[in-house]
Amino acid sequence: GAVVSQHPSRVICKSGTSVKIECRSLDFQATTMFWYRQFPKKSLMLMATSNEGSKATYEQGVEKDKFLINHASLTLSTLTVTSAHPEDSSFYICSALRAFNEQFFGPGTRLTVL
Amino acid sequence: AQSVTQPDIHITVSEGASLELRCNYSYGATPYLFWYVQSPGQGLQLLLKYFSGDTLVQGIKGFEAEFKRSQSSFNLRKPSVHWSDAAEYFCAVGRSNFGNEKLTFGTGTRLTIIP
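Residues numbered from 1 in each chain as written. Chains lettered and ligands numbered in written order. Predicted model: local features only at pLDDT ≥ 70, side-chain atom pairs only at ≥ 80, totals over all residues. Heavy atoms only, no water.

### Some points on the pairing of strand E9 (residues 73-78) of chain B
Residues and elements named next belong to chain B.
Here comes step 1: In terms of burial, E9 is a largely internal element, five of the six residues being buried.
Here comes step 2: The pairing of strand E3 (residues 19-21) with E9 spans three bridges and is classified as antiparallel. Each residue of the ladder has a partner; that of leucine 21, found in E9, is leucine 76.
Here comes step 3: Bridging between strand E8 (residues 64-68) and E9 involves five bridges; their strand directions are antiparallel. The residue bridging glutamate 66 from the neighbouring strand is asparagine 75, located in E9.
Here comes step 4: Between E8 and E9, which follow one another and run antiparallel, lie four residues, and serine 72 among them has a positive phi close to 50°. (Buried < 20%, exposed > 50% of the residue type's maximum accessible area, 1.4 Å probe, protein only. Helix = DSSP H or I, 4+ residues; strand = E, 2+ residues; numbered from the N terminus. Pairing = 2+ DSSP bridges.)

### Here we look at the side chain of Ser95(A)
Residue and element names in this part refer to chain A.
Here comes step 1: Mapped onto the fold, serine 95 is located in strand E9 (residues 90-99).
Here comes step 2: Judged by relative accessible area, which is 0%, serine 95 ranks as buried.
Here comes step 3: At a separation of 2.6 Å, a polar atom in the side chain of serine 95 contacts the side chain of glutamine 103.
Here comes step 4: Those residues in contact with serine 95, other than ones at most four positions away along the chain, are Thr32, Met33, Phe34, Tyr36, Gln103, Phe104 and Phe105. (Polar contact = N/O pair within 3.5 Å; in protein donor to acceptor, adjacent residues only side chain to side chain. Contact = heavy atoms within 4.5 Å.)

### Observations regarding the side chain of Asp85(B)
Residues and elements named next belong to chain B.
Here comes step 1: Inspection of the secondary structure assignment puts aspartate 85 in the loop between E9 and strand E10 (87-94).
Here comes step 2: A residue is classified by how much of its surface remains accessible, and aspartate 85, at 3% relative accessible area, is buried.
Here comes step 3: The contact partners of aspartate 85, leaving out residues within four places of it in the chain, are Phe63, Lys78, Leu111 and Ile113.

### Brief notes about the sheet that holds strand E7 (residues 67-73) of chain A
Residue and element names in this part refer to chain A.
Here comes step 1: Strand order across the open sheet formed by four strands is E1-E3-E8-E7, with antiparallel pairing between neighbours. Bordering the open sheet on either side are strand E1 (4-7) and E7, each of which pairs with just one other strand. Averaged over all neighbouring strand pairs, the angle between strand axes comes to 15°, with direction disregarded. (Axes fitted to C-alpha atoms, helices over the stretch in contact; angles between N-to-C directions.)

### Points about the state of the cysteines
Here comes step 1: What the rule picks out here adds up to two disulfides over all chains.
Here comes step 2: Through a disulfide, Cys23(A) is tied to Cys94(A); the S-S separation comes to 2.0 Å. Measuring handedness by torsion sign, the sulfur bridge of Cys23(A) and Cys94(A) sits at about 80° and is right-handed. Of the two residues, Cys23(A) is situated in strand E3 (residues 19-25) and Cys94(A) in strand E9; the sequence distance between them amounts to 71 residues.
Here comes step 3: The class for Cys94(A) is buried, based on a relative accessible area of 0%.
Here comes step 4: Here Cys23(B) connects covalently by a disulfide to Cys91(B), the sulfurs 1.9 Å from one another. Between Cys23(B) and Cys91(B), the S-S torsion sits near -65°, and that sign places the bridge as left-handed. Highlighted residues: Cys23(B) in the loop between E3 and strand E4 (24-26) and Cys91(B) in strand E10, separated in sequence by 68 residues. We note that Cys23(B), like Cys91(B), is buried. (Disulfide = S-S within 2.5 Å.)

### Some thoughts on the confidence of the model for chain B
Here comes step 1: Put simply, chain B has an average pLDDT of 90, and 96% of its residues get 70 or more.
Here comes step 2: Averaged over each element, pLDDT in chain B is lowest for strand E11 (residues 103-105) of chain B (89) and highest for E3(B) (98). (pLDDT = per-residue confidence, 0-100.)

### Structural notes on the pattern of salt bridges
Here comes step 1: Enumeration according to the criterion identifies nine salt bridges over all chains in this entry.
Here comes step 2: With a closest N to O distance of 3.3 Å, Arg98(A) and Glu102(A) form a salt bridge.
Here comes step 3: For Arg98(A), a relative accessible area of 39% puts it in the partly exposed group.
Here comes step 4: A residue is classified by how much of its surface remains accessible, and Glu102(A), at 18% relative accessible area, is buried.
Here comes step 5: Across the pair Lys49(B) and Glu102(A) runs a salt bridge whose closest N-O atoms are separated by 3.4 Å. Of this pair, Lys49(B) sits in strand E6 (residues 44-50) while Glu102(A) is found in strand E10 (residues 102-105), placing the two residues in two different chains.
Here comes step 6: The class of Lys49(B) is partly exposed, set by a relative accessible area of 29%.
Here comes step 7: Several salt bridges converge on common partners, so that one network encompasses Arg98(A), Glu102(A) and Lys49(B). (Salt bridge = Lys/Arg side-chain N within 4 Å of Asp/Glu carboxyl O.)

This is the structure:
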């Protein structure tokens with residue numbers, strides 16, 4: 001099956017710093033990747049759609065200057081949480097679209113902002 | 001807009017017993033339906049999906065789901081659960097357009113297995 005990795009799996013940072021999370025499709029090319037946020041005991045909330053070679057599309061209510069997304073290659077998308085605050089602490093999950101409606105999810109990144 | 005309802009927040013089942021997790025969706029066109037499982041601290045693993053054809057879909061780990069258009073439902077079933085099935089289960093609906101397939105997830109059902 002298709003494999004999607006995320007790095008790091010867990011990160012702790014100080015308030016005001018920026019954190020970069022990588023999402024890689026290891027055995028297929030993905031022109032489209034998605035970034036989700038999951039709060040404790042909550043569903044996944046789609047944050048943005050990342051398209052290779054173009055700007056990301058953000059969902060309503062998601063600050064694009066806060067959550068910077070770069071999809072520089074067909075196998076890598078990055079999410080940078082800028083000037084992180086404790087309320088940004090969450091579980092961030094990416095997925096990569098391999099084919100029509102076939103998404104594969106990464107294992108997630110636990111972000112804790114102190 | 002599409003939406004997914006999982007009415008059961010938490011279900012407890014004895015090991016070896018049968019299981020049914022409920023999922024209702026709202027979508028104006030033909031839905032693309034999915035069930036995912038998430039173990040603690042992990043990403044999501046696809047159990048099964050329905051795009052078209054046979055309304056009874058077989059998935060991995062012995063799971064199956066039945067699409068019922070008249071009831072707008074896509075319930076997940078397993079005849080005999082194992083302790084390793086304890087996890088969070090998410091139902092999701094995708095748009096029926098090609099490309100940039102956004103998924104809308106339900107709020108999840110947490111499954112606890114007792115010996």
